[in-house]
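A look at the structure
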Amino acid sequence: MLVASPELLRDVDGTITLERLTELPTLSMDEEGDKVTWELVGPDGETRSLSHRPQLLCASSDVLRKSALEGLGVALLPEHVGRNEIGTGRLMHLLPDWHSPFGTVHAVFSSPKGLVPAVRAFIDHLAAEVSIRSGPS
């Protein structure tokens, strides 16, 4: 989901549209190059590419979340990463009809035979929280 802090949005005149996102500072997960393209899917399955030059490039969704909270820019975050801040109003969900395509989370472990209960519980948690509930970014 596209998120930004209320403080960042206070200075924006008019309605935020997909086209206007490039006028705002952005924060991106991509670490290669200085120009990034977000692929977004709209309400009717329409796909759009949004090219921009992020203020911050980082591989950590937690760092992007914290940077968005500080008002540094708009971030495209997985729903489970920004859910709590949206609920408390610390982040605003921009353009809720638009999201990234579905992603995949992998949990790698040596063998299910003799799996430690804590690891099994963690895998069950990932399946419940990330795969099933979160949906797309």
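Structural data are supplied above this passage.
One structure accompanies this document, and this report is about it.

Reading guide: rules and limits
- Residues numbered from 1 in each chain as written.
- Predicted model: local features only at pLDDT ≥ 70, side-chain atom pairs only at ≥ 80, totals over all residues.
- Heavy atoms only, no water.
- Helix = DSSP H or I, 4+ residues; strand = E, 2+ residues; numbered from the N terminus.
- Buried < 20%, exposed > 50% of the residue type's maximum accessible area, 1.4 Å probe, protein only.
- Contact = heavy atoms within 4.5 Å.
- Areas by Shrake-Rupley, 256 points an atom, 1.4 Å probe, with all protein chains shown as cover.
- Lys, Arg positive; Asp, Glu negative; His and termini not counted.
- Charge placed at Lys NZ, Arg CZ, Asp CG, Glu CD.
- Pairing = 2+ DSSP bridges.
- Salt bridge = Lys/Arg side-chain N within 4 Å of Asp/Glu carboxyl O.
- Core = buried A, V, L, I, M, F, W, Y, C linked by side-chain atoms within 4.5 Å.
- Axes fitted to C-alpha atoms, helices over the stretch in contact; angles between N-to-C directions.

Observations concerning the overall build of the protein chain
- Helix and strand counts for the protein chain come out as four helices and seven strands.
- Sequence-ordered secondary structure for the protein chain, helices as α and strands as β, is β-α-β-β-β-β-α-β-α-β-α.
- Per-residue burial for the protein chain yields a buried fraction of 36% across its 137 residues.
- For the protein chain, restricting intrachain contacts to residue pairs at least 6 apart in sequence, the fraction spanning at least 24 positions comes to 69%.
- Summed over all atoms, the accessible surface of the protein chain reaches about 8200 Å², with 52% contributed by carbon and sulfur.
- Across the protein chain, the centroid of the 12 positively charged side chains sits 7 Å from that of the 19 negatively charged ones.

Notes on the pairing of strand E4 (residues 47-52)
- As paired elements, strand E3 (residues 36-41) and E4 share six bridges and run antiparallel to each other. Looking across to E4, one finds that Trp38 is bridged to Leu50.

Some words on the pattern of salt bridges
- For the coordinates displayed, the defined rule picks out 10 salt bridges.
- Measuring nitrogen to oxygen at the nearest pair gives 2.4 Å for the salt bridge that ties Arg65 to Asp62. With Arg65 and Asp62 both in helix H2 (residues 61-69) and three residues apart, the pair spans about one turn of that helix.
- Through salt bridges that share partners, Asp62, Arg65, Lys66 and Glu85 make up one connected network.

Concerning H2
- Along H2, the residues that are buried comprise Leu64, Arg65, Ser67, Ala68 and Leu69.
- Among the residues trailing H2, Gly71 stands out with phi positive, at a value near 85 degrees.

Topic: the nonpolar core
- Membership of the largest hydrophobic core comes to 18 residues, with the highest contact counts inside it found for Leu2, Ile16, Leu21, Trp38, Leu40, Val74 and Leu94.
- Per-element accounting of this core gives the leading share, three residues, to E3.
- The residues contacting Leu40, other than those within four sequence positions of it, are Leu2, Leu18, Glu46, Thr47, Arg48, Leu76, Trp98, His99 and Ser100.
- Core analysis: the second largest hydrophobic core is formed by 11 residues, Met1, Cys58, Leu64 and Val81 among them.

Looking at the side chain of Ser67
- Considering the arrangement of structural elements, one finds Ser67 in helix H2.
- According to the relative accessible area criterion, Ser67 is buried, its value standing at 10%.
- Not counting chain neighbours up to four residues away, the residues in contact with Ser67 comprise Leu27, Leu56, Leu72 and Gly73.

Some remarks on the sheet that holds strand E7 (residues 92-94)
- Here five strands make up an open sheet; going across it, the order is E5-E2-E6-E1-E7 and the pairing mixed. The open sheet has two edge strands, strand E5 (56-57) and E7, and neither has a second partner.
- Of the pairings in the sheet, the one linking strand E2 (residues 26-28) to E5 comprises two bridges and is parallel in character. Bridge pairing in E5 places Leu27 opposite Leu56.
- Running over the sheet, H2 touches strand E1 (2-4), E2, E5 and strand E6 (74-76) and is turned about 170 degrees from E2.

These values are about where atoms sit, not about what they do.
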